[in-house]
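# Descriptive analysis of the structure
Single-letter residue listing:
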Amino acid sequence: MPERQTPSPLVRWLLAARPKTLPLTLSPVIAGLALAGAATGTLAVWTALATLLAAVAIQIGTNLHNDAADFERGTDTDERLGPPRATAQGWLTARQVKNAAHGMFALAFVLGLALLVRGGWPILLVGLASLAAGYAYTSGPRPIAYGPFGEVYALLFFGVAAVGGTYYLQTLTLDGSVLIAGAALGCLASAVLLINNYRDLETDTAAGRRTLCRLIGRGRARVFYALLLLVPIPLLMRLDPLQASWPLLAALPPAALLIWRLWRGALGPALNAQLARTAQYQALLVGLLVLSLLLPGTA
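In this text, all values refer to a predicted model and were calculated from it rather than measured experimentally.

### Things to note about the packing of aromatic side chains
Tallied over the full model, the rule gives 2 aromatic pairs. Ring geometry for Y153 against F157: centres 5.4 Å apart, planes inclined by 40 degrees, an arrangement best described as tilted. With Y153 and F157 both in helix α6 (residues 150-171), this residue pair falls 4 residues apart, about one helical turn. In this structure Y153 comes out as buried when scored by relative accessible area, which is 10%.

Structure representation (structure tokens):
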């Protein structure tokens, strides 16, 4: 078997940062900006940029910390089916990766201070909770990623908090429609995490991780995955700001295709593509939401 080549320093850091996860962070922020723009007719551009950068910094910081923490806990082994992890491969030390994670969290904190001037104490609470959750995902005595509440974490922070916080920073108000949109997009973030844990079920079990997928089994996980993909469509179609909701129906065929592929029995490395397509599906749904906000009504 040919020896695996050591990637260049840039590629090592990119693998640790996992840029492919960034659409999960950017999509709900873009949705929040679109809903705010539809409500007010304007956007605070510098606030929007700071929000996007802070969200990306928290995501990359969480990814880096996860890379190092999973290696230290012995979770990332040669049997892992996902993409190679930089620390587990020996390309970077755990200390290097953790220092980089702390740097990204510090950047998010600085950007958060700027946003705090705009949004006040509600943004302070959301920002501190997001930073704490980033650390707690794979650290502490009860890491979120090692228990059954990872999907709840994804729904709250990659959905409700991301959409709601972004909207509030633009408008300094909040309403029920925005929180519903956040919950809808959070369902898709949960679906991505569910597929990740579905793929890694055997290695997670060996490492002692009690994920939701392990508790409910693969059969029920497939049903739950289908619900997470389909429920957001009617939720988004009922949002008050929408003038025309019919474009969102275009999400049904790709959702059905994703569900069918999983129910066909995809396992192992084949689920890496399923995971990527699920994240792309979330981005598609956000694009359809923006289109629905821009189109005139049909009354």
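### Some remarks on the environment of T203
Tracing the backbone through its elements, the reader meets T203 in helix α8 (residues 201-206). Overall, T203 belongs to the buried group, its relative accessible area being 18%. C-alpha separation for the pair T203 and A57, spaced 146 residues apart in sequence, amounts to 29 Å.

### Digging into the pattern of salt bridges
Going through the model one piece at a time under the given rule, you end up with 3 salt bridges. The salt bridge involving R199 is made with D200; its shortest N-O contact spans 2.8 Å. Assessed through its relative accessible area of 3%, R199 is described here as buried. Among the salt bridges present, the one from R209 reaches D204, with a minimum N-O distance of 3.7 Å.

Scoring rules and cut-offs
- Residues numbered from 1 in each chain as written.
- Predicted model: local features only at pLDDT ≥ 70, side-chain atom pairs only at ≥ 80, totals over all residues.
- Heavy atoms only, no water.
- Phe/Tyr/Trp six-rings, centres within 6.5 Å; stacked < 30°, edge-to-face > 60°.
- Helix = DSSP H or I, 4+ residues; strand = E, 2+ residues; numbered from the N terminus.
- Buried < 20%, exposed > 50% of the residue type's maximum accessible area, 1.4 Å probe, protein only.
- Salt bridge = Lys/Arg side-chain N within 4 Å of Asp/Glu carboxyl O.

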